[in-house]
Amino acid sequence: MSENSSFMDDGKRLKIDTKAQTQMNKCGEASFAGGDEDRISQLSDGILVDIISLLPLKEAGRTSILSPRWKNLWKRTPSLDFESQNAYRPNLKKLLNWVDSVIKSHKSPALKDFRICFPLDRSSDDSITRWLEFAFSKQVEMLELNFESYPFCYYWYEYYRFPKELFAPMC
């Protein structure tokens, strides 16, 4: 790696000095010879959002505790990917509340990807409609909804009827 690295962010060049050496302090902890400065804080919010968007959604949300500056960065990620970690016996109420709370908090003006993959039953129609309205309002580029049941799962979803309002002609 070169001593100085440059990154482009919104047409501006960001220069990061990478020549600082890591050394051990008296307590045996690593510290930078160039100071204890937090280098990631030198990055713009746009670059940090790009980095956070590479994380799974729950991990991205957990970054909000790192500092006051990071508190809302995850809310601007351009991709939302909801997938149950417990696909065979999901807690539907918990999953529905999770998706609802994330979309209420989301601040990005547009969405590249919106993905929901977990089994749902017929009682979830209102939630699905709400999620679709959200995705369309953010001009989603790629939408994936997979509500099918997994093998040996006691839930199954026969059909979801798209509300006619979602297909209103665009002016």
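Residues numbered from 1 in each chain as written. Predicted model: local features only at pLDDT ≥ 70, side-chain atom pairs only at ≥ 80, totals over all residues. Heavy atoms only, no water.

Undergrad: Lay out the layout of surface pockets with the relevant residues and their values.
TA: By volume, the largest pocket amounts to about 290 Å³. Looking at the lining of the largest pocket, the elements that each hand over two or more residues are helix 2 (57-62), strand 5 (79-83) and strand 6 (113-117). With five residues, the single largest contributor to the lining of the largest pocket is helix 2. Grouping the amino acids of the lining of the largest pocket by side-chain chemistry returns nine nonpolar, four polar and seven charged. (1 Å grid on protein atoms, 1.4 Å probe; cavity = no way out; pocket = protein on both sides within 12 Å on 5 of 7 lines; lining within 4 Å. Points joined across faces, edges and corners; volume = space filled by probe spheres on them. Helix = DSSP H or I, 4+ residues; strand = E, 2+ residues; numbered from the N terminus. Nonpolar A, V, L, I, M, F, W, Y, C, P; charged D, E, K, R; others polar.)

Undergrad: A description of unusual backbone geometry should follow, citing residues and the corresponding values.
TA: Located in the positive-phi region is Gln139, a residue other than glycine, with phi close to 50 degrees. Considering the arrangement of structural elements, one finds Gln139 in the loop between helix 4 (125-137) and strand 7 (142-146). A relative accessible area of 60% means that Gln139 is categorised as exposed. (Buried < 20%, exposed > 50% of the residue type's maximum accessible area, 1.4 Å probe, protein only.)

Undergrad: Requested: an account of the environment of Arg122, with residues and values cited.
TA: Relative to the elements of secondary structure, Arg122 occurs in the loop between strand 6 and helix 4. Classification of Arg122 as partly exposed rests on a relative accessible area of 47%.

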